[in-house]
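Fold and geometry: a report
Residue-level listing of the chains:
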Amino acid sequence: MDTMGAVAGPAIGLGLLAALDDNFRLVFVLALVPAVAGVLLLGAVREQRPRDRDGGAPAVPLRELGRPYYVFLGIGLLFALGNSSDVFLILRAKDLGLSNTETVGGYIVFNAVYAALATPAGIASDRLGRRNVIAFGFLLFGLVYVGFGLAGSGAAVWPLFGVYGLYMALTEGVGRAFVADFVPARDRATALGLYTGAIGGMILVSSVLAGLLWDEIDPAAPFFLGGATAAAALLGLLLLLPRRQAASE
């Protein structure tokens, strides 16, 4: 549902830009209204506190999460090193000559494909194995990033955004499910929290690095880095996490 919102939001923003003669400042001010409303609505949510059993669950020693978990975390960090903020995709679209409307339209295509294929991708991961689905996602990411790096005109951006949506569908939720497969149920919150925090931190580093590469070398450089780290992560996934180690397979 949040991805559907990511489709509706840019579409509404696109309409506002057209209606307000590309007044970005006013559009951002108007965007505060649903943001504030969402925060206020959170006050109406009543969270049910979990029952304490035997004084509460003990903390999970991180070493007990197991080798396969940390191998996958390492692979994820390597991949994230080249997975900079999606803002760079938007900047690249503008750099290749797309107008504001066309750039937002490409981003809507990305989110629409992601929303449409997320559930089928989850079903595929149950049947084909999480590792295989994520591996295909890594491959698509690498191809998309190399495509953004090599693109010579804005026309290439539209299909690239579409394939990028497929990559997200194949990896976003499936990756978290794969993390959960590695650990017992009682340890999943710790495992997911560590994984999400570490990957988020690496994406921050990646975005800073991408900015430096963009400014100091070439706008295409961050995308070639992403293609290289995706290829390395794909090899690591296939070589270091064979099928017998993947709990879901």
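Please refer to the structure higher up on the page.
Described below are features of the structure shown in this document. All figures in this text were calculated on a predicted structure; none of them were measured in a lab.

**Thoughts on the nonpolar core**
Grouped together as the largest cluster of nonpolar side chains are 50 residues, with contacts concentrated most on Tyr-69, Phe-72, Phe-138, Phe-148, Tyr-164, Leu-237 and Leu-241. When residues in this core are grouped by element, the largest group, 12 residues, is from helix H7 (residues 157-182). When residues no more than four places from it in sequence are discounted, the contact partners of Leu-237 are Phe-72, Ile-75, Arg-131, Ile-134, Ala-135, Phe-138 and Phe-178.

**Brief notes about the packing of aromatic side chains**
Any aromatic ring pair is given by two values, namely how distant the centres are and how the planes are angled relative to each other. For the structure shown, the criterion picks out 20 aromatic pairs. Ring plane angle 45° and centroid distance 5.0 Å describe the contact between Phe-110 and Tyr-164, whose orientation is recorded as tilted. One end of the pair, Phe-110, is in helix H5 (residues 100-128); the other, Tyr-164, is in helix H7, with 54 residues separating them in the sequence. Comparing Phe-110 with Tyr-164 shows no difference in burial state: the two are buried. With a centroid separation of 5.6 Å and an interplanar angle of 80°, the aromatic rings of Phe-148 and Phe-161 are classed as edge-to-face. A residue pair is termed long-range when its members are at least 10 positions apart, and Phe-148 in helix H6 (residues 130-150) and Phe-161 in helix H7 qualify at 13 residues. The exposure classification of Phe-148 matches that of Phe-161, with both residues buried.

**Quick word on the side chain of Asp-187**
Structurally, Asp-187 is set in the loop between H7 and helix H8 (188-216). The exposure class of Asp-187 is buried, given its relative accessible area of 1%.

**Considering the packing of helix H3 (residues 67-81) against H7**
Running from N to C, H3 and H7 point in directions that differ by 155°, and their axes come no closer than 9 Å. Here H3 lies roughly antiparallel to H7, going by the angle between them. In this structure, H3 meets H7 at a crossing whose hand is left-handed. Note on element contacts: H7 touches H3 through Tyr-167, Gly-175, Phe-178, Val-179 and Phe-182, opposite Pro-68, Tyr-69, Phe-72 and Phe-79. When the residues that make up the contact of H3 with H7 are grouped by side-chain class, the tally is 8 nonpolar, 1 polar and no charged.

The rules behind these values
Residues numbered from 1 in each chain as written. Predicted model: local features only at pLDDT ≥ 70, side-chain atom pairs only at ≥ 80, totals over all residues. Heavy atoms only, no water. Core = buried A, V, L, I, M, F, W, Y, C linked by side-chain atoms within 4.5 Å. Buried < 20%, exposed > 50% of the residue type's maximum accessible area, 1.4 Å probe, protein only. Helix = DSSP H or I, 4+ residues; strand = E, 2+ residues; numbered from the N terminus. Contact = heavy atoms within 4.5 Å. Phe/Tyr/Trp six-rings, centres within 6.5 Å; stacked < 30°, edge-to-face > 60°. Axes fitted to C-alpha atoms, helices over the stretch in contact; angles between N-to-C directions. Parallel < 35°, antiparallel > 145°, perpendicular 65-115°, else oblique. Left-handed = near helix turned anticlockwise from the far one by under 90°. Nonpolar A, V, L, I, M, F, W, Y, C, P; charged D, E, K, R; others polar.

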